[in-house]
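# Observations on chain architecture
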Amino acid sequence: VTITTRLLVSHLSGIRHYEKDITKVKEEKEKANRALKLTKSHQEKEQKEKEGKGIGKTDCVKQKKEHDSETKSRNSKPGRNDKEFEQEEYYLKEKFESVIESLKIFKNDPLFFKPGSQFLYSTYGFTLLSAVVERASGQKFTDYMLKMFRDLDMLSTVLDDNEAMIYNRARCYIYNKKGRLVNAPYVDNSYKWAGGGFLSSVGDLLKFGNALLYSYQAGQFQNRNGKLLPGYLKPGTVAMMWTPVPKTEVSWDRDGKYAMAWAVVEKNQQYGCCRQQRHYASHTGGAVGASSVLLILPEELEPEALGTWPVAPPRGVIVTIICNMQSVSLNSTALKIAREFDKEKRAQ
């Protein structure tokens with residue numbers, strides 16, 4: 001088989017996640033698909049009933065309540081394996097000197113499916129991706145990333161190295177089997193730097209989100225007398241990264257698809273005065289004792305405003321939340337915050 005970097009970055013490679021038993025993975029996916037079908041059929045039934053009765057003015061008033069209930073439904077993640085953090089490989093304590101060395105954890109394991117045929121979120125797929133970066137760049141993956149963080153002015157973003165003295169590092173917490181809050185156990189993240197091995201701050205993640213949004217929108221604005229600097233990435237590169245990939249799925253928002261290392265919801269509205277989907281990109285993070293989200297809601301720019309100075313990118317809302325608690329669902333909260341700020345901006 002052939003595994004490309006595009007398959008790796010969209011989780012279509014067939015490389016396993018922490019669960020080694022393919023039977024258990026298939027069972028969980030089947031549960032999730034059944035739950036999704038039931039939800040969709042229920043929504044279609046409700047819509048047909050509304051169309052049969054005729055939509056009154058009160059439907060617009062009910063829109064917010066319906067949207068809130070649906071958000072809760074999306075956030076509940078039917079079929080999600082709540083025992084995921086019971087996987088032993090979450091708690092590895094072995095120190096790996098390079099990402100190439102850490103490939104030994106899974107390199108002899110069989111693929112779960114033919115690359116490109118199915119979606120399976122895989123941290124180890126990103127470990128392999130980091131090995132590709134290391135070989136292509138000719139330098140250690142961690143050195144390569146830290147230089148990039150410096151270029152982005154993300155000076156508080158560092159390796160989550162237990163031995164290093166890191167200023168303002170927070171303690172992480174989990175609930176034990178008795179439901180009591182305890183300190184998270186020791187983990188050495190050298191086996192998965194690319195898939196959850198960095199520490200950051202809210203300020204740094206906002207810089208990262210703004211840099212991406214600027215790059216995404218820079219090509220849409222007229223560069224007056226060379227005053228508009230280029231983005232860190234080309235506009236086409238970010239657009240490609242935020243283009244949904246077929247056969248993918250997103251656990252934290254059923255409206256979304258996976259793109260290239262990002263979950264993306266595309267702009268869509270099927271019925272007047274009904275639920276709207278705004279275009280946004282996001283990604284959640286889950287680690288032993290910590291949860292996070294970074295969400296980018298680009299502003300819907302009017303064509304006539306694009307050439308007007310000083311209106312310039314980035315235009316939109318960036319929301320990031322970092323929580324030193326394990327298994328906290330944050331995407332729906334971030335989306336609500338982004339929509340409120342967007343509403344305020346439109347009202348001004």
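The structure we're discussing is the one just above.
As a starting point, this report considers the structure included with it. (Residues numbered from 1 in each chain as written. Predicted model: local features only at pLDDT ≥ 70, side-chain atom pairs only at ≥ 80, totals over all residues. Heavy atoms only, no water.)

### A few points about the sheet that holds strand S7 (residues 280-287)
In spatial order, the strands read S5-S6-S7-S8-S9; together these 5 strands make up an open sheet with antiparallel pairing. Lying at the two open borders of the sheet, with one neighbouring strand each, are strand S5 (257-258) and strand S9 (316-323). One ladder, built from 7 bridges, connects S7 with strand S8 (residues 290-298); its direction is antiparallel. Bridging from a neighbouring strand, Gly286 pairs with Ser291 of S8. With respect to the sheet, helix H7 (residues 202-218) is in contact with S8 and S9, its orientation differing from that of S9 by roughly 150 degrees. Helix H9 (residues 331-347) rests against S7, S8 and S9 of the sheet, and its axis sits at about 150 degrees to S9. (Pairing = 2+ DSSP bridges. Helix = DSSP H or I, 4+ residues; strand = E, 2+ residues; numbered from the N terminus. Contact = heavy atoms within 4.5 Å. Axes fitted to C-alpha atoms, helices over the stretch in contact; angles between N-to-C directions.)

### Comments concerning the state of the cysteines
Taken as a whole and judged by the stated rule, the model has 0 disulfides. With no disulfide of its own, Cys323 lies 9.3 Å from the sulfur of Cys172, the closest cysteine sulfur. (Disulfide = S-S within 2.5 Å.)

### Topic: H9
The first and last C-alpha atoms of H9 sit 24 Å apart over 17 residues, in line with the 24 Å expected at 1.5 Å per residue. Considered for burial, the residues of H9 that qualify are Asn331, Ser332, Ala334, Leu335, Ala338 and Asp342. For H9, the arc enclosing every buried residue in end-on projection is 150 degrees, short of the 170-degree limit, so these residues lie on one face. Of the exposed residues in H9, the ones pointing more than 90 degrees away from its buried face are Phe341, Lys343 and Ala347. (Expected span 1.5 Å × (residues − 1). Buried < 20%, exposed > 50% of the residue type's maximum accessible area, 1.4 Å probe, protein only. Arc of directions from axis to C-beta.)

### Looking at unusual backbone geometry
Across the junction of Pro313 and Pro314, the peptide omega takes the value 0 degrees, indicating a cis bond. Along the chain, Pro314 turns up in the loop between S8 and S9. For His11, which is not a glycine, the phi torsion comes out positive at approximately 60 degrees. Residue placement: His11 occurs in the loop between helix H1 (5-9) and helix H2 (22-53). Overall, His11 belongs to the buried group, its relative accessible area being 2%. Positive phi values are uncommon outside glycine, yet Ala261 reaches one of about 70 degrees. Tracing the backbone through its elements, the reader meets Ala261 in the loop between S5 and strand S6 (263-265). The partly exposed category is assigned to Ala261, whose relative accessible area is 25%.

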